[in-house]
Amino acid sequence: MSGLFWFSLLAALVPQVFAQLPVEKIYGVNLGSWLLLEPWMLPQGWTDMGGQICADCSQCIESEFAFAMAYPDTVDQTFAKHWDSWFTQSDLQDLKNAGINTLRIPLGYWIVEALVERPVENYPRGGLEYLRRGLGWVRDSGMHVILDHHALPGVQTPGQEFTGQCTNDVQFYTPHNYHRALVWTAVMTTLSHLDPQFSSVFAIEAVNEPIMDASQTPGYGDFQKNFVKTVRAIEALLGIQVTGYNPNLPVSLPTTNFTATLQQACSLSLFDADVVDALLDAIPILSGIGLQYGLTDTLTSEPFNSGRSPLVTNFMDVNWQYDNPPNPANAAIGPQGYDNHLYYSYGVADADPTAYMQSICNLQRIQNDAVLGDSPLWFGEWGLSTQFDASDSFLKQWGDAQKWAYGQSAGWIYWNFKTEISNLTNGTELARQWSYLEALNMDLLPQNAASYYDDNVCQPYINKTSSKIRSVPAEDAAVASAPVVNPSTPSKAPPLKLSDHRRRLVKKHYSF
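Draft legend 1. How the structure looks around the confidence of the model for the protein. Mean pLDDT over the protein stands at 89; residues scoring 70 or higher make up 87%. For the stretch residues 1-7, pLDDT sits under 50, and the model shows six contacts to residues farther than four places along the chain or on other chains. Confidence drops under pLDDT 50 across residues 9-16; counting only partners more than four residues distant or on other chains, this segment forms five contacts.

Draft legend 2. Seen up close, helix H14 (residues 392-406). Taking 1.5 Å per residue as the helical rise, H14 with its 15 residues ought to reach 21 Å, and the 21 Å between its terminal C-alpha atoms agrees with that figure. The element H14 is largely enclosed, with a buried count of 11 among its 15 residues. For H14, the full list of buried residues reads Phe394, Leu395, Trp398, Gly399, Asp400, Ala401, Gln402, Lys403, Trp404, Ala405 and Tyr406.

Draft legend 3. Layout of the packing of helix H9 (residues 258-267) against helix H10 (residues 273-293). As a packed pair, H9 and H10 sit with axes 10 Å apart at the nearest point and diverge in direction by 160 degrees. The angle between the axes of H9 and H10 places the two elements in the roughly antiparallel class. Viewed along their axes, H9 and H10 form a crossing whose handedness is left-handed. Every residue of H10 that contacts H9 at Thr259, Leu262, Gln263 and Cys266 is listed here: Val276, Leu279, Leu280, Ile283, Leu286 and Ser287. Per-class residue counts for the contact of H9 with H10 are seven nonpolar, three polar and no charged.

Draft legend 4. Summary view of the nonpolar core. Counting 146 residues, the largest nonpolar core has Leu103, Leu131, Phe223, Tyr344, Ile360, Tyr406 and Tyr436 as the members making the most contacts within it. Each residue touching Leu103, except ones within four places of it in the same chain, is listed here: Val29, Leu31, Leu92, Leu95, Val138, Met143, His144, Val145 and Ile146. Counting 10 residues, the second-largest nonpolar core is a separate cluster that includes Val23, Ile26, Ala203 and Ile413.

Draft legend 5. Highlighting the state of the cysteines. Across all of its chains, the model carries three disulfides by this definition. A sulfur-sulfur separation of 2.1 Å characterises the disulfide bridge that pairs Cys54 with Cys60. Judged by the sign of its S-S torsion, about -85 degrees, the cystine formed by Cys54 and Cys60 is left-handed. Each of the two residues, Cys54 as well as Cys60, counts as buried. Across a sulfur-sulfur distance of 2.0 Å, Cys361 and Cys458 are joined as a disulfide pair. Its S-S torsion of about -75 degrees marks the bond between Cys361 and Cys458 as left-handed, since a negative value means left-handed. Linking Cys361 in helix H12 (residues 353-361) with Cys458 in the loop between helix H16 (436-441) and helix H17 (500-505), this pair joins segments that are 97 residues apart in sequence. Each member of the pair, Cys361 as well as Cys458, carries the same accessibility label: buried. With cysteine numbering restricted to those in disulfides and following the sequence, the protein has the pairing 1-3, 2-4, 5-6.

Draft legend 6. Molecular detail of the environment of Pro284. By the secondary structure assignment, Pro284 is in helix H10. Residue classification places Pro284 among the exposed residues on the basis of a relative accessible area of 53%. Taking the C-alpha atoms as reference, Pro284 lies 9.2 Å from Ala114; in sequence the two are 170 residues apart.

Draft legend 7. Expanded view of the pattern of salt bridges. Overall, the coordinates contain 15 salt bridges when judged by the stated rule. The salt bridge partner of Arg104 is Glu205, with a shortest N-O separation of 3.0 Å. Taken together, the positions of Arg104 in strand S2 (residues 102-108) and Glu205 in strand S4 (residues 201-205) put the pair 101 residues apart, joining distant regions of the chain. Note on accessibility: Arg104 and Glu205 belong to one class, buried.

Rules behind the numbers
Residues numbered from 1 in each chain as written. Predicted model: local features only at pLDDT ≥ 70, side-chain atom pairs only at ≥ 80, totals over all residues. Heavy atoms only, no water. pLDDT = per-residue confidence, 0-100. Contact = heavy atoms within 4.5 Å. Helix = DSSP H or I, 4+ residues; strand = E, 2+ residues; numbered from the N terminus. Expected span 1.5 Å × (residues − 1). Buried < 20%, exposed > 50% of the residue type's maximum accessible area, 1.4 Å probe, protein only. Axes fitted to C-alpha atoms, helices over the stretch in contact; angles between N-to-C directions. Parallel < 35°, antiparallel > 145°, perpendicular 65-115°, else oblique. Left-handed = near helix turned anticlockwise from the far one by under 90°. Nonpolar A, V, L, I, M, F, W, Y, C, P; charged D, E, K, R; others polar. Core = buried A, V, L, I, M, F, W, Y, C linked by side-chain atoms within 4.5 Å. Disulfide = S-S within 2.5 Å. Salt bridge = Lys/Arg side-chain N within 4 Å of Asp/Glu carboxyl O.

The following block contains the structure:
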């Protein structure tokens, strides 16, 4: 089917599926390494804090968990200094001036401190204060926020700094940790509707980058459904109307004490058992947050019929996984969006400019997802990184081409808003491919997020393919036979292997 047909079809669908979003097109950046620190992005800052950088991040102090375990008496104060300085009002103003309208904020489950099972688990405390402060800035700026559950209880992906604990012992896909994630969801949904500081939040992402092999994520499909049901249960009790959802709430439920309403609704078995369990465990946590942040009246005595719209529930798209993955579209109740991450520096195309351009300009992910109901889709992580020594002139072309391709969807969110510039990052070498603000400074990206250096950047490459579009080492030949979700859609390949040195200096992602 021709690309022009697909673009026409998607254009026809835009008014229906994008109406749930607060902007016509998402032009966004991630606030990575703010409230969930990834040492590779600020290696000098991390070592100055007392952290370490090593070949295997599980063997040294190279995660928030390891840092908190090593420095239990000072971790909170150390991280408070980082939270206070990594993302500032000046950064926000620079992003707004550049036309950015959306921020995706990666969070660990420990932002809800009561969920941390001390002393077995340990993480910095106090992040919620800085999240609320930052969200207040964003609210005042008129920008919009996706709260991204980036690091899940028990760890959702092995060997990654971004999970907060670099370990191969993945325990997220268990009933206990699914429950903890649902409690987190109930707390964040309530705050998003009742805490004025959260009024810029329009979406919550359930799980950042689960394991790609769906055979290793048992129960994930049920969790997707329970995540949505938890969000919608909170909203129903707040009086928020969601199309297609009617839990038949009794008129006797209180309307001036939300925690009491939660308690009574749970006693009436109005929701599924897993949802009820999560709501019940959220009640004391919300009460504690209310006391700590001056929200007690908001949660226990003030009228709470919310005038806000339903949140957009958000998942990595079905094609993020392979081997018969659950389709999050089957969990949808009300507005829902889908996320895909694409980093060409991990082998999506052969390591040369022509292969990159032919691949990105003929990208089929939006169409492939739409066939399976995963729409609207946005590209929640991407960057200028390459497998080869790219010139500035190519990076400008590369940025244009990616923006054009991802712009056929609901939009894009760059990783990251900034990175460190130091001797440990080879000066600006890391930042020129991973920092949006530095790319603006170096004129690698246009000063307006909606603009291009070349509006026709993809025209010479559309419908032209190369045998080099995808390069796979011999040891990863299993890619070719990886199961496919749908005969019309590409599968996700098992992860390629990276050298230890490369793992230290770049975000370790795999997406095909």
